[in-house]
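# A structural walkthrough
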Amino acid sequence: MAIALLIDTLLPRLLAASIQGTLLVTLVWALCRALPRLSANARCWLWWLVALQLVVGLVWSNPLALPLLPAFEQLAMPVPPVEPMQAGAAGLAAFASGDPVQFAPEASTPWSWPLLVASIWLLGLVAMIARSLTGLRASRRLIRAAEPCGDRALLQALALAADAHGLRDAPDVRVSVAITSPQLIGPWRPVLLLPRGYGEALRPDELDMTLTHELVHLQRRDLWLGLLPALAQHLFWFHPLAHLAAREYGLAREGACDAAVLAGHEHGAREYAQLLLRLGIAPRPDAGLASASPDYTFLKRRLTMLKTTRPLSSAIALSTTLLVAAVGVLPYRITNAATPPPPPPPAAAAPAPPAPPMPRAPALPPLPATPPAPSAPAPIDLPPTPALPAEPTAPPAPPAGVVNSSRGHVHTIRTRHDGDGEGALRGTFTLGKPGAESYVLIDPEHSVAVGSTDELAEARAAQRGNESLLWLRRGDARYVVRDADTIGRFREAFADVARLGERQGALGAEQGALGAEQGELGARQGEIGGRVADLALQAVRNGDDASRRTALAALEAESRALGAKLGTMSGQQVALAEQQSALARQQADAQARANRQARSLLDEAVSSGRAQRL
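Throughout what follows, the structure given in this document is the object of discussion. Just so it is clear, the structure is predicted and the values come from calculations on it, not from any experiment.

## Some thoughts on the pattern of salt bridges
Here the structure, examined in full by the defined rule, presents 24 salt bridges. For the salt bridge of E604 with R489, the shortest nitrogen-to-oxygen distance reads 3.0 Å. With a gap of 115 residues between them, E604 in helix α16 (residues 546-608) and R489 in helix α14 (residues 484-493) connect regions that are remote in the sequence. Classification of E604 as partly exposed rests on a relative accessible area of 29%. The partner of E556 in a salt bridge is R560, with the nearest N and O atoms 2.4 Å apart. Within this pair, E556 and its partner R560 are both found in helix α16, separated by four residues, close to a single helical turn. Residue class for E556 comes out partly exposed when judged on its relative accessible area of 23%.

Written out as structure tokens, the structure is:
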């Protein structure tokens, strides 16, 4: 169940969020390049929004539809006739009343590319979590091994600075011999780790700037906000731009704290740059922040950001951030424009009559033996009767609208019949004995049913007007769902089933048209055979002549051409039958996926209370 949910739900969301995240990263990167005086704080929020978009795109169940694709017209396919032996399923062509409805479970392949991709993603996620847990344990060990700070002057200065920044309590300060630069580890009960002898090694102004930098992190709640980019990195470990966004967020976060330190002190950027150079390079803890830079490139960019003495106004920075949040964070889905109502279905064409059997040329009667007379003409040399081509094989019948399952009295009916009566439905239905669970989706576009026709009647009785409705039975309990979001997701789960059913119907219509043309050609060959027989009889009665020989040769050539054309059509029928088989296999996989998603949606609707008990 979990792996099926991952394949059917999370993988498409991962792909969609990755694509939209790529576009958002491009937009934020372009804004940062186009606005070089954009403040570090604004850049920090822009890159944080990228991480927010990735996480929201993964958990958001109903993306916003953008009708950017051209509208397409759906053609209603007529219902082919159904044999009466199929458990009364013909009456469901209009669906005013019906028969048992039950989806037969479809067999799915044990291994597929989606399963492989899901397995790789899970392995990568587990590896990322294991690495983070290892770093968290190392940070906890570092804190346990550290000693409480005994420098009263430093603790008093830290308490005064914390009060000045509006912090309720100053962080716990500990001293460690295992680090070379200050580290703030949290977010729960944050601890400020200082190297041993750090207070004596720095001048008072440098120590003040260092402590202020760490307190600004606490004031901005960077330890908590940084969890979101870290989560996006874990979930999208395969996406290089997710790591780029996390790195850029970390750089802008440090730049924002550096700018806050300079804004609150009389010291200039030169003195603070010298302090950053003294802090040097140090690895960043997995569960916190470090004053030192993780590498030389990071340090160089921090020093460059100190040169921005006149950032853009806060109004421009705020409006830019809000604009990116409004257009880039919510997930979108590109859809077709509103489709016009489908035209009425064309009248069902009468089935083509089977090709008549080829008439055989009658046997020539023996000529009477008469004694030759001197004036008698020379004996007539009758031309041989041309050999007629073999009777063409009847084309395979197009698939009917009812597909019998091998599970007892189960029948699947797929139709695009609009019907003329009030009770007409169209969709995909599987008929059989009621099971432990039944459900019916009544929808103008494509209805789906699992249960008996008595339950179908119950569902239709619960319908209000022409509304879309999801009806469910579990045991003796009956529920109805009118929530538009649940119904939309349920409809989307069977979208592939409906699309493949329409393609099968179109192929069936093409096979029927090809069969009708084969019937016409077969009838033409029958006519040619009759004419050949007439010419042969005329040759017996009236004697042979050149015109009759020419007519026979022409008929023979036409018959051969018709035979060749029939052979070509037979090959086309075989190709269409192979396409139908391929579509049937795809239909089986699509129905298996739809059934899994349907059960998951029904479980969710019942547990969340959106399913109202009748």
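Back to the write-up after that little detour.
## Some points on the pairing of strand β11 (residues 437-442)
In terms of burial, β11 is a largely internal element, five of the six residues being buried. As paired strands, β11 and strand β13 (residues 469-474) are joined by six bridges and run antiparallel to one another. Each residue of the ladder has a partner; that of S438, found in β13, is R473. Connecting the antiparallel pair β11 and strand β12 (residues 447-450) is a turn made up of four residues.

## Some remarks on the side chain of R489
Taking the relative accessible area as the measure of exposure, R489 reaches 15% and is therefore buried. Apart from residues lying up to four places away in sequence, R489 is in contact with S61, L601, E604 and R610.

## Concerning the sheet that holds strand β4 (residues 183-185)
Strand pairing in a sheet is mediated by backbone hydrogen bonds. Such pairs are either parallel or antiparallel. Sheet architecture is open: five strands sit in the order β2-β3-β5-β4-β6, paired in mixed fashion. Each edge of the open sheet is held by one strand with a lone partner, namely β2 (147-148) and β6 (288-290). Judged from the three bridges that link them, β4 and strand β5 (residues 191-195) form a sheet pairing that is antiparallel. Bridge pairing in β5 places L184 opposite L192. Helix α6 (residues 204-220) contacts β4, β5 and β6 of the sheet and is inclined by roughly 25° relative to β4.

Cut-offs used in this document
Residues numbered from 1 in each chain as written. Predicted model: local features only at pLDDT ≥ 70, side-chain atom pairs only at ≥ 80, totals over all residues. Heavy atoms only, no water. Salt bridge = Lys/Arg side-chain N within 4 Å of Asp/Glu carboxyl O. Helix = DSSP H or I, 4+ residues; strand = E, 2+ residues; numbered from the N terminus. Buried < 20%, exposed > 50% of the residue type's maximum accessible area, 1.4 Å probe, protein only. Pairing = 2+ DSSP bridges. Contact = heavy atoms within 4.5 Å. Axes fitted to C-alpha atoms, helices over the stretch in contact; angles between N-to-C directions.

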